[in-house]
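# Coordinate analysis (summary)
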Amino acid sequence: MILDGRDPSVIERAASALAAGELVALPTETVYGLGARADDDAAVAKIFEAKGRPADHPLIVHVADAESVRIFAAEVPPVAVRLVAHFWPGPLTIIVPRAAGIASAAAGGQTSVGLRCPSHPVAHALLVAAREAGVPGVAAPSANRFGRISPTRASHVADEFGDELLVLDGGPCDVGIESSIVDCTRQHPVLLRPGVLTRAEIEAVAGEPLLDRDENAPKASGTLEAHYAPRALLRLMPRTQLQTALQMLAGSPLKLAVYSRVAPSGTTEGMRHRAMPERATDVAHELFSVLRAFDDEGVQLIWVEEPPATPEWEGVRDRLRRAAASR
Ligand code: TXA
Ligand code: MG
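Residues numbered from 1 in each chain as written. Chains lettered and ligands numbered in written order. Predicted model: local features only at pLDDT ≥ 70, side-chain atom pairs only at ≥ 80, totals over all residues. Heavy atoms only, no water.

## Overview of the nonpolar core
- With 49 residues, the main nonpolar core has Phe72, Leu83, Trp88, Leu92, Ile94, Leu115 and Ile202 as its most contacted residues.
- At the level of elements, strand 3 (33-37), helix 2 (41-51), helix 3 (69-72), helix 4 (78-87), strand 5 (92-97), strand 6 (112-116), helix 6 (154-161) and helix 7 (199-206) are the ones that each hand at least two residues to this core.
- In terms of residue count, the dominant contributor to this core is helix 4 (five residues). (Core = buried A, V, L, I, M, F, W, Y, C linked by side-chain atoms within 4.5 Å. Buried < 20%, exposed > 50% of the residue type's maximum accessible area, 1.4 Å probe, protein only. Helix = DSSP H or I, 4+ residues; strand = E, 2+ residues; numbered from the N terminus.)

Below, the structure is given as structure tokens:
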């Protein structure tokens, strides 16, 4: 059931549900999350079960403020302190060594834990109310079934999990793709997942270059190749290749959707075109809901024009590459 997250009585009800070990879906500025109290392994197990996600994949623990980091972290490396001071609340997750005896299921059994303080007012209100009800943090992966596109609207969550689940409506998510994740447990910070913050912005605050993920990074579903997949077959192509492919497809009965900066020349019957915005942040904002809308229309193929190879597009390029790698 979808309830208005701006209603204080709804927040109270959701905080009580979390305290009782139940699941609540909440809006954040990035995507909607499927939350459970992070300090209760049985509650967290319900997330893995609902998503169909392997239990050794770590989740992000959401906290009301920077002080709560101490509850979950065994140690806060200086680089993490700088990132938190600058980017929280906001779309950045830090991975730090985990405090013994807490959030073991949420961390997927790892000795580290992912922490994030979201800026969305509904998420913040819920985290504050939950803390007052004795919940120190809320473990929440994106509120989609394993391997599927993250939800950016309350209705997307209800489509994934049905009417039983309490979903707090906070409107469409501003950012639209998941948070940037920086692993602060190693000698140098590692960018595990790019988001809308650019590498340069994070590096300026970290005070050193970000390393790329390597084979030492823990297994994590958000970073598997075949992730963020729409049902339709998605292909990513440079502009000229897209034009050629469209000419070759002319007359075919396949249901095709095109998401590109230039309007395709010559229209194919039954083809849907959606103009891709000029700015990376605008594409991030709408990307997942555009892909979901194509799926809902029963499109079989989605052809996407490759975004520019410039730094501000890193997060969007990453999600599109994974969506295209899914089959
Ligand atoms: O924007 C977001 O981060 C959203 C919203 C709901 O906050 N959450 C999200 O969660 O994207 P999820 O579970 O779909 O992705 C969490 C990712 C994992 O796939 C993994 O890559 C990383 O966070 N992660 C979490 N804890 C980790 C840990 N201890 N070590 C390494 N990676 C970790
Ligand atoms: Mg996810």
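This is not the end of the story, as more comes after the structure.
## Describing the site of ligand 1
- Looking at ligand 1, there are 26 residues lining it, with Thr30, His62, Ser112, Ser179 and Arg193 nearest.
- Arg116 is positioned such that a nitrogen or oxygen atom in its side chain is 3.1 Å from an oxygen atom of ligand 1.
- One of the side-chain N or O atoms of Ser142 is found 3.1 Å from an oxygen atom in ligand 1.
- Protein coverage of the free-state accessible area of ligand 1, which is 670 Å², stands at 99%. (Near = heavy atom within 4 Å. Polar contact = N/O pair within 3.5 Å; in protein donor to acceptor, adjacent residues only side chain to side chain. Areas by Shrake-Rupley, 256 points an atom, 1.4 Å probe, with all protein chains shown as cover.)

## Quick notes on the sheet that holds strand 12 (residues 233-237)
- Taken in spatial order, the four strands line up as 12-15-13-14 in an open sheet, and their pairing is parallel. Each of the sheet's edge strands pairs with one partner strand only, and the pair in question is strand 12 and strand 14 (272-275). Put simply, the sheet's adjacent strands are angled 15° from each other on average, direction ignored.
- Sheet topology places strand 13 (residues 256-260) next to strand 15 (residues 301-305); four bridges connect them, and they run parallel. Bridge pairing in strand 15 places Tyr259 opposite Val304.
- In the packing of helix 9 (residues 280-296) onto the sheet, contacts are made with strand 12, strand 13, strand 14 and strand 15, and the angle to strand 13 comes to roughly 175°.
- Strand contacts of helix 10 (residues 314-324): strand 12 and strand 15, with the helix running at about 130° to strand 12, the strand carrying the most contacts. (Pairing = 2+ DSSP bridges. Axes fitted to C-alpha atoms, helices over the stretch in contact; angles between N-to-C directions. Contact = heavy atoms within 4.5 Å.)

## So, the pattern of salt bridges
- Enumeration according to the criterion identifies 17 salt bridges in this entry.
- As a salt-bridge pair, Glu29 and Arg116 come within 2.8 Å of each other at their nearest N and O atoms. Note that Glu29 is positioned in the loop between strand 2 (24-26) and strand 3 and Arg116 in strand 6, a separation of 87 residues in sequence.
- For Glu29, a relative accessible area of 6% translates into the label buried.
- Through salt bridges with shared partners, a single network forms among Glu178, Asp318, Arg319 and Arg322. (Salt bridge = Lys/Arg side-chain N within 4 Å of Asp/Glu carboxyl O.)

## Details of the environment of Pro277
- With respect to the helices, strands and loops of the structure, Pro277 is situated in the loop between strand 14 and helix 9.
- With a relative accessible area of 18%, Pro277 lands in the buried category.
- Remark: the alpha-carbon pair of Pro277 and Leu3, spanning 274 residues in sequence, is separated by 31 Å.
- Residues in contact with Pro277, not counting those within four places in the same chain, are Tyr259, Arg261, Asp282, Val283, Glu286 and Trp313.

## With respect to the domain arrangement of the protein chain
- The domains assigned to the protein chain are domain 1 (2-212) and domain 2 (233-325).
- Once you take the C-alpha centre of each, domain 1 and domain 2 turn out to be 29 Å apart.
- Contacts between the two partners involve 24 residues from domain 1, matched on the other side by 15 residues from domain 2.
- Both sides of the domain 1 and domain 2 interface together cover about 1,500 Å² of buried area, and 54% of this is carbon and sulfur.
- Among the residues domain 1 hides against domain 2, the three largest losses belong to Ile149, Ile177 and Pro194. Together they make up 36% of the total.
- In this structure, the connection of domain 1 to domain 2 is made through four salt bridges.
- Put simply, domain 1 and domain 2 have eight residue pairs in polar contact (both at pLDDT 80 or more) between them.
- Of all the secondary structure elements, the ones that give two or more residues to the side of domain 1 that touches domain 2 are helix 6 and strand 10 (190-193).
- Looking at the side of domain 1 that touches domain 2 residue by residue, the class counts come to nine nonpolar, eight polar and seven charged. (Domains from an automatic or database assignment. Buried area = accessible area lost by both parts, 1.4 Å probe. Nonpolar A, V, L, I, M, F, W, Y, C, P; charged D, E, K, R; others polar.)

## Remarks on the packing of aromatic side chains
- Under the counting rule described, the total for this entry stands at zero aromatic pairs.
- Geometry around Trp303 places Arg235 over its ring, the cationic atom sitting 5.9 Å from the centre. (Phe/Tyr/Trp six-rings, centres within 6.5 Å; stacked < 30°, edge-to-face > 60°. Lys NZ or Arg CZ within 6 Å of the ring centre and 35° of its normal.)

## What about the side chain of Glu29?
- At 3.0 Å, the side chain of Glu29 forms a polar contact with the backbone nitrogen of Ser119.
- Side-chain polar atoms of Glu29 contact the backbone nitrogen of His120, separated by 3.3 Å.
- Excluding anything up to four places from it in sequence, Glu29 contacts Gly90, Pro91, Arg116, Pro118, Ser119, His120, Cys173, Asp174, Val175 and Gly176.

## Structural notes on the packing of helix 9 against helix 10
- Relative orientation of the contacting elements helix 9 and helix 10 amounts to 35°, with a least axis distance of 9 Å. In the crossing of helix 9 with helix 10, the sense of the turn from one axis to the other is left-handed. Facing Ala280, Val283, Ala284, Leu287 and Phe288 of helix 9, the residues of helix 10 in contact are Val316, Arg319 and Leu320.
- Of the residues assigned to the contact of helix 9 with helix 10, the class counts are seven nonpolar, no polar and one charged. (Left-handed = near helix turned anticlockwise from the far one by under 90°.)

## Some words on unusual backbone geometry
- A cis geometry characterises the amide bond from Trp88 onward to Pro89, with omega recorded as -10°.
- Within the element layout of this structure, Pro89 appears in the loop between helix 4 and strand 5.
- The backbone phi angle of Ala103 is positive, close to 60°, even though this residue is not glycine.
- Topologically, Ala103 is positioned in the loop between strand 5 and strand 6.

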